[in-house]
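# Per-entry structural report
Each chain is listed here by its residues.
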Amino acid sequence: MNQIKEDLICEIIRLSQTNLLDKKCADQSCEAQEQIAVDWIRQNAADYRTDFQSRLNVFSASKLGEILKTLSNSRKDLSDILEGLEPSTAR
């Protein structure tokens, strides 16, 4: 995988995790938000990253750019975005 594609995938996953945690922490107190985030990271972050890295590898760099733009302009996470994409649209 080329460096640009690797960097795109890392940024997509980082932004997706941020959006996901924002949704999970909505309407919580500051202390509760911190605990929710810490617990989720301990229990899920590594598996989340591994799963989505393999799922995103099939996409072209331009499609990854579109996914990043969608994540940046919405509160969606990768689960929301990838469920609507067909494998034939990957490349």
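This report concerns the structure included in the present document.

To continue, consider the nonpolar core. Within the largest apolar cluster, 21 residues are counted, with the highest numbers of intra-cluster contacts made by Ile12, Leu56, Leu64, Ile67 and Leu78. Those elements giving two or more residues to this core turn out to be α1 (3–25), α2 (30–56), α3 (61–72) and α4 (78–82). For this core, the element with the highest residue contribution is α1, accounting for 7 residues.

Here the focus is the packing of aromatic side chains. Applying the stated rule across the entire model yields 2 aromatic pairs. Aromatic side chains tryptophan 40 and tyrosine 48 sit 5.4 Å apart centroid to centroid with 75 degrees between the ring planes, which places their arrangement in the edge-to-face category. On the basis of relative accessible area, tryptophan 40 is assigned to the buried category, the value being 8%. The exposure class assigned to tyrosine 48 is buried, which follows from its relative accessible area of 9%.

This brings us to the packing of α1 against α2. Two measures define how a pair of helices packs: the angle their axes make with one another and the distance between the axes. Interaxial distance between α1 and α2 falls to 10 Å at its minimum, and their mutual angle equals 145 degrees. Helix-helix and strand crossings are classified by hand; for α1 and α2 the assignment is right-handed. On α2, the residues touching Lys5, Ile9, Cys10, Ile12, Ile13, Arg14, Ser16, Gln17, Leu20, Leu21, Lys24 and Cys25 of α1 are Gln33, Ile36, Ala37, Trp40, Ile41, Ala45, Tyr48, Arg49, Phe52, Gln53 and Leu56. Here the contact of α1 with α2 is composed, by residue class, of 15 nonpolar, 4 polar and 4 charged.

Taking 1.5 Å of rise per residue, 23 residues should cover 33 Å, and α1 covers 33 Å from first to last C-alpha, within 8% of that figure. Those residues of α1 that fall on the buried side of the exposure criterion are Lys5, Leu8, Ile9, Ile12, Ile13, Leu15, Ser16, Gln17, Asn19, Leu20, Leu21 and Cys25. Looking at the packing, one finds that the buried side of α1 touches α2, α3 and α4. The residue sitting at the N-terminus of α1 and contributing the capping side-chain oxygen is asparagine 2; that oxygen lies 3.2 Å from the backbone nitrogen of isoleucine 4.

Thresholds applied
Residues numbered from 1 in each chain as written. Predicted model: local features only at pLDDT ≥ 70, side-chain atom pairs only at ≥ 80, totals over all residues. Heavy atoms only, no water. Core = buried A, V, L, I, M, F, W, Y, C linked by side-chain atoms within 4.5 Å. Buried < 20%, exposed > 50% of the residue type's maximum accessible area, 1.4 Å probe, protein only. Helix = DSSP H or I, 4+ residues; strand = E, 2+ residues; numbered from the N terminus. Phe/Tyr/Trp six-rings, centres within 6.5 Å; stacked < 30°, edge-to-face > 60°. Axes fitted to C-alpha atoms, helices over the stretch in contact; angles between N-to-C directions. Left-handed = near helix turned anticlockwise from the far one by under 90°. Contact = heavy atoms within 4.5 Å. Nonpolar A, V, L, I, M, F, W, Y, C, P; charged D, E, K, R; others polar. Expected span 1.5 Å × (residues − 1). Polar contact = N/O pair within 3.5 Å; in protein donor to acceptor, adjacent residues only side chain to side chain.

Shape is all these values report; function is a separate question.
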